[in-house]
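What follows is the residue order along each chain.
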Amino acid sequence: MTPNDPEPNNADRVWRYMSFSRFVWLLQKKQLWLSRADRLGDSWEVSLAGEQLQHVIARHPISPIGGPRMETAMRRSARIIKRWRKETFVNCWSLSHHESHALWRIYCGSTDGVAIQSTLGRLRQSVGELPVYKVSYEIPGSRRQTPNLIDLVTKKRPMFAYEQEVRIVRQVSDDQPADQERLGYAIEWDPEINLNSIYIHPDADFSFKETVTEIAAHYAPTLKDDIIWSEMKKLPPF
């Protein structure tokens, strides 16, 4: 998505691609896992760079001659960004009318994975007061402004635009000792209430589909009839 894209509709589809083990965890726990921002695998998550960084530095006061030594703008920015990354937790979905070949490959390995599908409206309703933000894709720091956390957590580099991401965001103050840092945050989330369908990896075999169906029948029985093959599995007529 770009900044000029229209706002999504609550009826729009959202997808989350996952390995089989994460799918089983979701059904067993009936929880969504929000990963800490600095654990998402992209070192540019919640980053301050480019013109934004220069703008922040220019606005920060300089220690007067003979006065008390003040924290430099660069050190202050680094300190705040480090804290934000450790206090921000994210759960990512893809907003799209159809499946994504790229996301199947990236998040589900060779064959053993599923894509859970809901709507943006149901996702928003399912997480209560937690916000669900649309991500925009642009050059880091291309806007000359003093950013807040939401400005940074909703921006990703253009090379990730294929994700078409919306993300659930939660900020939790991390006051735990360094050896007990919180790496993620779980929220109550019932798949039976909040999902429309479960799609099976297009390259999986029938035994995998049967296994997924049996697991769903055990932990989320109302979903067992909503398990379907990826539409990518369809073959041309000749």
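Look a little higher up for the structure.
Residues numbered from 1 in each chain as written. Predicted model: local features only at pLDDT ≥ 70, side-chain atom pairs only at ≥ 80, totals over all residues. Heavy atoms only, no water.

### Brief notes about helix α2 (residues 50-59)
Note the cut-off: Each residue is placed in one exposure class: buried if its accessible area under a 1.4 Å probe, protein chains only, is under 20% of its type's maximum, exposed if it is over 50%, and partly exposed if it falls in between. Helix numbering and strand numbering both begin at the N terminus, where a helix is a DSSP run of H or I of at least 4 residues and a strand a DSSP run of E of at least 2. As used here, the arc is the angular range of directions from the helix axis to the C-beta atoms. By the convention used here, residues are in contact when the closest approach between their heavy atoms is within 4.5 Å.
Among the residues of α2, those classed as buried are Gln-52, Leu-53, His-55 and Val-56. Taken end-on, α2 shows its buried residues confined to a sector of 160°, consistent with a single buried face. Close packing links the buried residues of α2 with α3 (73-87) and α6 (149-153).

### Let's talk about the packing of α2 against α3
The test is simple: Here the axes come from fitting lines to C-alpha atoms, over the contacting stretch only for helices, and the angles between their N-to-C directions go from 0 to 180 degrees. Oblique is the label for every angle not falling under 35 degrees (roughly parallel), over 145 degrees (roughly antiparallel), or within 65 to 115 degrees (roughly perpendicular). Working rule for handedness: look at the near helix, and if it is turned counterclockwise from the far one by less than a right angle, call the crossing left-handed; if clockwise, right-handed. Polar here means any residue outside two lists: the nonpolar Ala, Val, Leu, Ile, Met, Phe, Trp, Tyr, Cys and Pro, and the charged Asp, Glu, Lys and Arg; Gly therefore counts as polar.
Here α2 crosses α3 at 125°, and the two axes come no closer than 9 Å. Judged on the interaxial angle alone, α3 and α2 are oblique. Of the two possible hands of crossing, α2 and α3 adopt the one that is right-handed. Along the contact surface, α2 presents Leu-53, Val-56 and Ile-57, while α3 presents Ala-73, Met-74 and Ser-77. By residue class, the composition of the contact of α2 with α3 is 5 nonpolar, 1 polar and no charged.

### Focus: the pattern of salt bridges
Two side chains carrying opposite charge are able to pair once their charged atoms lie near each other. Applied cut-off: Salt bridge, as applied in this entry: a Lys or Arg side-chain nitrogen positioned within 4 Å of an Asp or Glu carboxyl oxygen.
Evaluated as defined, the whole model comprises 13 salt bridges. A salt bridge links Lys-156 to Glu-163; the nearest nitrogen and oxygen atoms lie 2.8 Å apart. This pair shows no difference in class: Lys-156 is buried, exactly as Glu-163 is. Between Glu-165 and Arg-167 there is a salt bridge; the shortest N-O distance is 2.6 Å. For Glu-165, a relative accessible area of 3% translates into the label buried. Salt bridges sharing common partners tie together Glu-45, Lys-156, Glu-163, Glu-165 and Arg-167.

### Considering the environment of Ile-80
One can find Ile-80 in helix α3. Ile-80 gets classed as buried once you look at its relative accessible area, which sits at 17%. On a C-alpha basis, the gap between Ile-80 and Leu-149 in space is 9.7 Å, while along the polypeptide they are 69 residues apart.

### Concerning helix α4 (residues 101-108)
Restricting attention to buried positions, one finds in α4 the residues Leu-103, Trp-104 and Cys-108. Down the axis, α4 shows its buried residues gathered within 105° of arc, on one side only. Buried positions along α4 lie against β1 (13-19), β3 (88-95), β4 (113-119) and β10 (197-200). Within two residues after α4, Gly-109 carries a phi angle of roughly 65°, on the positive side.

### Digging into the side chain of Ser-77
Within the element layout of this structure, Ser-77 appears in helix α3. The contacts of Ser-77, once residues within four sequence positions are left out, are Leu-48, Leu-53 and Val-56.

### Notes on the environment of Ala-204
With respect to the element layout, Ala-204 can be found in the loop between β10 and α8 (206-219). As a C-alpha pair, Ala-204 and Ser-110 span 94 residues in sequence and 8.4 Å in three-dimensional space. Setting aside anything within four residues of it in sequence, one finds Ala-204 in contact with Thr-111, Trp-229 and Lys-233.

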